[in-house]
Structure formats: C-alpha cells, structure tokens
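# A structural walkthrough
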Amino acid sequence: LVNELPAIEGLARVNIVCADKTGTLTENGMRLSEVAPIDGSGVGAEQLHAALAAIAAADPRPNASIEAIGEAFGDEPNWTTTAVQPFSSALKWSGLSFADASGGDAGNWLIGAPDILLDPASELSARATAIGETGRRVLLLGRTAVAVDQPGATEQMLPVALVVLEQRVRPDAKETLEYFAHQHVDVKVISGDNARSVGAVAASLGLGSVDNAVDGRALPQNSDELAEVVSDGTVFGRIRPDQKRAMVKALQSRHNTVAMTGDGVNDVLALKDADIGVAMGSGSSAARSVAQIVLLDNKFATLPYVVGEGRRVIGNIERVANLFLTKTVYAVLLALLVGIAGVAGKIFGFASLAYPFQPIHI
C-alpha cells in the first residue's frame, strides 16, 4: 500500500535500509523454549508457573513475548492485580503486584531484560548472555519485597527464573539481504533486544557478527560521533525509540538516503524522519499512518520487488526524457538549418528550404 506515490521512486534511490529484527528478519510470533528456575529463590514450580500465567493474563496489550508466555501457561490463577508498572522501551521491564483469591499477598513480580535488571558482572547475567548469543530471547522473572510501582523495586529484586523464548528466522530473509548487498544497499539491524542476541540472529544470515554488535547504551550523544559509529556498525541492540530517530538523522547527515522499516509505536519517530518509512501491515496504526509504504503481507522480502518497481519507474522516466530531449535537439537543429538556408536564399537568390515537419508530425 503506497500512501505517498513518490515513495516508490524514493525507495529506488535508497542506499541504506534500517530494519528491526522482530517481524523483519524473524517471524512475528514467538514460542516458549524453557523456564530455568534459579536456585535459592524459594519459589516452587507451581508458584512460578502461576506467576507467569497471571502476568500474561493481566497485560491488556501483551507484546510477542508475553503472548508466548500466555500460550504456554494458559491456566491463570484467580489473582487480583494491586499495582502495575507498565513496560516501556526506556525501562525494558514491567511489573505486577498481585493478591490471591482470599486477599492475601501473591507477590510482587518483575519481568524484563536480564542485562537491565541484573548486575552485568554477575554469574547469572553471564548465563543469560550466553543463552542470548544463541539467538534466543531471554527474560528474567524476579520477585521484589515492595509493590512494583514503588521506588527501588528493582533494587530489592530476587531473581526467580530465566524465561527463554525462541523466534524463527524468516526463510526468505537471507535471500532478501543478498539482494540488497547485490544492489549496493547497506542493511543495518536496529532492535530493542539484547545486542548479542540480535547479533547472533543477524550473523546466522551472514550480516555482521555477535562480537561486533553495538549496545545502544554505549552510543555517543554527539551527532558527529554517532554518525561515525552508525556508519561503521551493522547490528545495534538495546536501542531506544529516540535513539532510532537519532541514528536515522546521523546517517542522513552523511548524505545517505535512508529507509526505515518497523511495526511498533516505538518505531514511529524513526519512520517519520526517514527518507522512506516502511511499515508492516500488522503493525500499529500509528506506524502505518506515518509510513509512506505499508507491506500488507508483513514480509520484508517484498521490499526488493518495491525497489525493482521504483527503479523501473525511474528507468522509464529517463528513457522518455532522453526521447523528448533527442526530439527537441533535432527540431532545434532543423529550425536553425532551415532558417540559415532561408537567409542564404534571400542573399544569393535561390529558393529557400521548407521546414520538413508539420505540427501534426510532432
């Protein structure tokens, strides 16, 4: 769906495509791979599963991760939500406090990114990172002593389990990346997920590597330095919505024509500022409304066809322009020759030439 007609031609001139991992390189849906309890948490398997089911059931707008947990633990307990800390791209975690059917405390639960909730130097953080490097998504489930909407909830958290989720790489993703490489278009993967996990998925498709993945928390604030890092890098993780926008602007500052693909509200700023914004048909209404092109089949592999169509349009315009330019040059030259011949005929007394074309011939 083309919201702005010039976007087809604009996409044909793009030399950098910024793509999200989820829904672009991987399929939208996720599935639960395993739940690894952490020794010493004091939470039994039954309570652990009940907490995960309650978290999934209480989320009014679940993302792909929470949906996968809900599918795995469908039998929700009869718990009542007493406090909520919504998920945000800045926090990278969410929390819920519950009361059981009798009104007793059912716990204050946090779930989110291990590299945000844990000490990076801890053994558990290293374990989560090692799992993430296999290309899977890892969430940490923790329990805290205070309500989740209170200050210091994360500081008093006790890790309970690692929740491991799997995503399937799109079967057409590698072919699409190869097409862009052949067309001299650079692809940069920008995601809010763990940088090494994103790097593992991209590396499986021949794009970048785990060790070269850039963590968004280490990106410089200075626009010139940011442009240097973004131009040299390929895979970026833990990127906030405002950073996506800044990265697009940084690439544009180096005279690049940038396309941005995305499907969520967190992609809206970057979609709007990119030269060409491409949204997925199943994405949020905000993303679809600001994008110039919407891929109704939700396939990143559709983009090569759009680029090819745009280049055909440009090629046809150039051919028609060459035709009219050639016609105009010939008409001008003939007019000059006929005019010169007419002047010479008057001077030397011979018959002048008639212009060889009538208006209908033109």
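As a starting point, this report considers the structure included with it. Computed from a predicted structure; not experimentally measured. (Residues numbered from 1 in each chain as written. Predicted model: local features only at pLDDT ≥ 70, side-chain atom pairs only at ≥ 80, totals over all residues. Heavy atoms only, no water.)

### Some thoughts on the packing of helix 6 (residues 173–182) against helix 12 (residues 303–348)
Interaxial distance between helix 6 and helix 12 falls to 10 Å at its minimum, and their mutual angle equals 30°. Relative to helix 12, the element helix 6 lies roughly parallel. The residues of helix 12 that touch helix 6, namely those facing Thr176, Tyr179 and Phe180, are Leu303, Pro304, Val307 and Gly308. (Axes fitted to C-alpha atoms, helices over the stretch in contact; angles between N-to-C directions. Helix = DSSP H or I, 4+ residues; strand = E, 2+ residues; numbered from the N terminus. Parallel < 35°, antiparallel > 145°, perpendicular 65-115°, else oblique. Contact = heavy atoms within 4.5 Å.)

### Some words on the sheet that holds strand 11 (residues 258–262)
One open sheet holds the seven strands; their spatial order is 9-10-8-1-11-12-13, and the pairing between them is parallel. The sheet terminates laterally at strand 9 (214–215) and strand 13 (293–295), the two strands that pair on one side only. When strand 1 (residues 16–19) meets strand 8 (residues 186–190), the two strands line up parallel, connected through four bridges. Looking across to strand 8, one finds that Ala19 is bridged to Val189. (Pairing = 2+ DSSP bridges.)

### Focus on the sheet that holds strand 4 (residues 93–99)
Strand order across the open sheet formed by six strands is 2-7-6-5-4-3, with antiparallel pairing between neighbours. Of all strands in the sheet, those bounded by a partner on one side alone are strand 2 (31–37) and strand 3 (80–85). For this sheet, the mean angle separating the axes of adjacent strands, direction not counted, is 25°. Running at roughly 5° to strand 7 (residues 157–166), helix 5 (residues 123–132) makes contact with strand 2, strand 6 (137–144) and strand 7 of the sheet.

### Focus on the pattern of salt bridges
As enumerated under the stated definition, the model contains 15 salt bridges in all. Note that Arg31 is salt-bridged to Glu166, the shortest N-O span being 2.5 Å. Residue Arg31 is found in strand 2, and its partner Glu166 is found in strand 7; the two are separated by 135 residues along the sequence. For Glu166, a relative accessible area of 23% puts it in the partly exposed group. The partner of Arg240 in a salt bridge is Asp242, and the shortest N-O contact between them spans 3.1 Å. Of the residues examined, Arg240 reaches a relative accessible area of 29% and is grouped as partly exposed. Salt bridges here are not isolated pairs; linked through shared partners, they connect Asp115, Asp215, Arg217 and Arg238. (Salt bridge = Lys/Arg side-chain N within 4 Å of Asp/Glu carboxyl O. Buried < 20%, exposed > 50% of the residue type's maximum accessible area, 1.4 Å probe, protein only.)

### Topic: the layout of surface pockets
Counted as a void, the second largest pocket has a volume near 200 Å³. Around the second largest pocket sit 13 residues that line it, and Pro220, Gln221, Leu226, Asp242 and Ala246 are the ones nearest its centre. The dominant element in the lining of the second largest pocket, judged by the number of residues it contributes, is helix 9 (residues 241–253), at seven residues. Looking at the lining of the second largest pocket, its residues break down into six nonpolar, four polar and three charged. (1 Å grid on protein atoms, 1.4 Å probe; cavity = no way out; pocket = protein on both sides within 12 Å on 5 of 7 lines; lining within 4 Å. Points joined across faces, edges and corners; volume = space filled by probe spheres on them. Nonpolar A, V, L, I, M, F, W, Y, C, P; charged D, E, K, R; others polar.)

### Concerning helix 9
In this model, helix 9 (13 residues) spans 19 Å end to end at C-alpha, consistent with the 18 Å of a helix rising 1.5 Å per residue. Where helix 9 is buried, its residues meet strand 1, strand 8, helix 8 (223–232), strand 10 (235–237), strand 11 and helix 10 (268–273). Phi turns positive, to about 65°, at His255, one or two residues after helix 9. (Expected span 1.5 Å × (residues − 1).)

### Digging into a nonpolar patch on the surface
A contiguous nonpolar surface patch, about 560 Å² in accessible area, is contributed by Leu325, Val329, Val332, Leu333, Leu336 and Ile340. Mapped onto the secondary structure, Leu336 falls in helix 12. (Patch = residues over 30% accessible without salt bridge, like charges linked within 9 Å, V, L, I, M, F, W, Y side chains within 5 Å. Areas by Shrake-Rupley, 256 points an atom, 1.4 Å probe, with all protein chains shown as cover.)

### Description of the side chain of Ser65
Following the sequence through the fold, Ser65 ends up in helix 3 (residues 64–72). Sequence-distant contacts of Ser65, that is, excluding residues within four places in its chain, are made with Met30, Arg137, Leu139 and Leu165.

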